[in-house]
Amino acid sequence: MIVLRFLHVVSGALWVGMFGFMTFFLMPAFAEVGPDGAKIQAALAKRRIPVIMPVIALVTLVSGFWLYQRLSGGAIGALLKTPVGLAFGLGGLAALLAFVAGIALARPIMMRSMKLAEQMTTASPADRSSIMAEMQKLRGRGATLNRVVMALLLLALGAMAVARYL
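Residues numbered from 1 in each chain as written. Predicted model: local features only at pLDDT ≥ 70, side-chain atom pairs only at ≥ 80, totals over all residues. Heavy atoms only, no water.

Q: Please give an account of the side chain of R139 that cites residues and values.
A: As for its position among the elements, R139 is in helix α6 (residues 125–162). Exposure remark for R139: the relative accessible area of 8% places this residue in the buried category. Looking at R139, its side chain comes within polar contact range of the side chain of Q136, at 2.6 Å. (Helix = DSSP H or I, 4+ residues; strand = E, 2+ residues; numbered from the N terminus. Buried < 20%, exposed > 50% of the residue type's maximum accessible area, 1.4 Å probe, protein only. Polar contact = N/O pair within 3.5 Å; in protein donor to acceptor, adjacent residues only side chain to side chain.)

Here it is as structure tokens:
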């Protein structure tokens, strides 16, 4: 139980922390530096961020649902009727929604942006302007989705932080 909880808290901290850094600092910096941001995006892709982030999120979700099931003793409905169970349940739901929105909506935008960033290095000057225009459009959509996912993650974090005290 201790190992499971440790795994859940550490992976959750990594998920929220990394996503917060991306949302509030990295993505705005990409927008500010323009074409030079493509080099950083390509470097992040080499470090497998698009693979690592979902794995961290999945570890958080699976360990959290497992902890919730263990806490409920098999009576999930009864646990949901308590303030603690409701808070953990709503936090888990917010985290699950964040994951689904991130994977189904935000990740395809990020992957397309990274592919365009790679193309920028070999594109002709004429093609660079159209690639940059598409990247700007994708950045706008991605920033909006990232803020939604971040809000859901902060809701989950807040619920988990206070649940035991309700």
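Q: Lay out the packing of helix α1 (residues 2–33) against helix α3 (residues 49–72) with the relevant residues and their values.
A: Two elements in contact, α1 and α3, have axes separated by 8 Å at closest approach and are oriented at 140°. Overall, the two elements α1 and α3 adopt an arrangement that is oblique. Crossing handedness for the pair α1 and α3: left-handed. Contact with α1, carried on its side by L4, R5, L7, H8, S11, G12, L14, W15, M18 and F19, involves I49, M53, I56, A57, V59, T60, L61, S63, G64, W66, L67 and R70 of α3 and no other residues of that element. When grouped by side-chain class, the residues that make up the contact of α1 with α3 number 14 nonpolar, 6 polar and 2 charged. (Axes fitted to C-alpha atoms, helices over the stretch in contact; angles between N-to-C directions. Parallel < 35°, antiparallel > 145°, perpendicular 65-115°, else oblique. Left-handed = near helix turned anticlockwise from the far one by under 90°. Contact = heavy atoms within 4.5 Å. Nonpolar A, V, L, I, M, F, W, Y, C, P; charged D, E, K, R; others polar.)

Q: Got a sec to walk through the environment of V33? Specific residues and values, please.
A: On the secondary structure map, V33 appears in helix α1. Residues V33 and S11 lie 22 residues apart in sequence; the distance between their C-alpha atoms is 31 Å.

Q: Account for unusual backbone geometry, with residues named and values stated.
A: The backbone of R48 shows a phi angle near 65°, a positive value even though the residue is not glycine. Inspection of the secondary structure puts R48 in the loop between α2 (37–46) and α3.

Q: A description of the environment of P108 should follow, citing residues and the corresponding values.
A: Looking at the element boundaries, P108 is found in helix α5 (residues 83–120). Linking P108 and V84, residues 24 residues apart in sequence, is a C-alpha distance of 36 Å.

Q: How would you summarise the pattern of salt bridges if you had to cite specific residues and measurements?
A: Under the defined criterion, the tally for this structure stands at 1 salt bridge. Taking the shortest distance from any N to any O, the salt bridge between E134 and R112 comes out at 3.1 Å. In this pair, E134 is assigned in helix α6 and R112 in helix α5, connecting sequence segments 22 residues apart. For E134, a relative accessible area of 28% puts it in the partly exposed group. For R112, a relative accessible area of 32% puts it in the partly exposed group. (Salt bridge = Lys/Arg side-chain N within 4 Å of Asp/Glu carboxyl O.)

Q: So what about the packing of α3 against α5? Which residues, and what values?
A: Contact geometry for α3 and α5: axes closest at 11 Å, N-to-C directions at 165°. It follows from the interaxial angle that α3 and α5 lie roughly antiparallel. In this structure, α3 meets α5 at a crossing whose hand is left-handed. Mapping the contact onto sequence places P50, V51, P54, A57, L58, L61, F65, Y68 and L71 in α3 and G85, F88, G89, G92, A95, L96, F99, I103, R107, M110, M111 and M114 in α5. Considering only residue class, the contact of α3 with α5 consists of 17 nonpolar, 3 polar and 1 charged.

Q: Got a sec to walk through the confidence of the model for the protein chain? Specific residues and values, please.
A: Taken residue by residue, the protein chain gives an average pLDDT of 90. The fraction at 70 or more is 100%. Within the protein chain, the element-level pLDDT minimum falls on α2, averaging 78, and the maximum on α3, averaging 94. (pLDDT = per-residue confidence, 0-100.)

Q: Quick one: what's the story with the nonpolar core, residue by residue and with numbers?
A: If you look at the biggest cluster of nonpolar residues, it comprises 21 residues, and the most contacted ones within it are W15, F19, A98, V149 and L153. At the level of secondary structure, the elements contributing two or more residues to this core comprise α1, α3, α5 and α6. Examining the composition of this core, we find that 6 residues originate from one element, α1, more than from any other. Filtering out sequence-adjacent residues up to four positions away, W15 remains in contact with M53, I56, A57, T60, L61, A95, A98, F99 and L153. With 12 residues, the next largest nonpolar core counts I109, L116, M132 and M135 among its residues. (Core = buried A, V, L, I, M, F, W, Y, C linked by side-chain atoms within 4.5 Å.)

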